[in-house]
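Observations on chain architecture
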Amino acid sequence: QVQLVESGGGLVQPGGSLRLSCAATGSIFSINAMGWYRQAPGKQRELVARVTSGGSTNYADSVKGRFTIFRDNAQNTVYLQMNTLKPEDTAVYYCNSVLREGSSQYLKGYWGQGTQVTVSS
């Protein structure tokens, strides 16, 4: 079965950088989109960045110019390069993928388990 394996979270000082990675593993026919969401305490989960199979990207306004999403299609992996981190970026970051499994004709969404990003001095 499909799993999303996340890595790269941690503690960083304001102004620092982190790179998150997420690899989709298992029987995958095709991936429609991959992205990153985050959820801070007491807040709803929100989209941070997304990249489609066609290469289109979109970002939350709060991270534009600081974060970059990119993918490695051969490895079914998506990355989130986070620069100039702010305390407001502190959240659990979740990888998301919308894909077709194996011989399935239907799209299905998957979530990673989440990785904590803490920005603090």
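Residues numbered from 1 in each chain as written. Predicted model: local features only at pLDDT ≥ 70, side-chain atom pairs only at ≥ 80, totals over all residues. Heavy atoms only, no water.

Attention now moves to the side chain of R38. Locating R38 in the fold gives a position in strand β4 (residues 28-39). Within polar-contact distance, the side chain of R38 engages the side chain of S62 at 3.3 Å. (Helix = DSSP H or I, 4+ residues; strand = E, 2+ residues; numbered from the N terminus. Polar contact = N/O pair within 3.5 Å; in protein donor to acceptor, adjacent residues only side chain to side chain.)

Next up on the list: the nonpolar core. One broad trend across soluble globular proteins is that nonpolar side chains are buried collectively. Core analysis: the biggest nonpolar cluster contains 29 residues, and W36, V48, F67, V78, L80, M82 and Y93 have the highest contact counts within it. Contact partners of F67, with chain neighbours within four places excluded, come to R38, V48, Y59, L80, Q81, M82, N83, L85, D89 and Y93. (Core = buried A, V, L, I, M, F, W, Y, C linked by side-chain atoms within 4.5 Å. Buried < 20%, exposed > 50% of the residue type's maximum accessible area, 1.4 Å probe, protein only. Contact = heavy atoms within 4.5 Å.)

On to the side chain of S97, then. Tracing the chain through its elements places S97 in strand β9 (residues 91-101). Excluding residues within four positions of it along the chain, S97 makes contact with L4, I31, A33, M34, K108, G109 and Y110.

A few words on the sheet that holds strand β1 (residues 3-7). Pairing is antiparallel across the open sheet formed by four strands, whose spatial order is β1-β3-β8-β7. Among the strands making up the open sheet, the edge pair consists of β1 and β7 (67-72). Here the average twist between neighbouring strands, direction ignored, is 15°. Where β7 and strand β8 (residues 77-82) come together, six bridges link them in antiparallel fashion. Paired with D72 across the two strands is T77, which belongs to β8. (Pairing = 2+ DSSP bridges. Axes fitted to C-alpha atoms, helices over the stretch in contact; angles between N-to-C directions.)

Moving on to the state of the cysteines. Between two cysteines, a covalent bond joining their sulfur atoms is known as a disulfide. For the structure on display, the rule yields one disulfide. Two residues, C22 and C95, share a disulfide whose sulfurs are 2.0 Å apart. Because the sign of the S-S torsion sets the handedness, a value of about -85° for the bond joining C22 and C95 places this disulfide among the left-handed ones. Taken together, the residues span a long stretch of sequence, with C22 in strand β3 (residues 18-25) and C95 in strand β9 at a distance of 73 residues. Looking at C22, the relative accessible area reads 0%, which means it is buried. Given a relative accessible area of 0%, C95 falls into the buried group. (Disulfide = S-S within 2.5 Å.)

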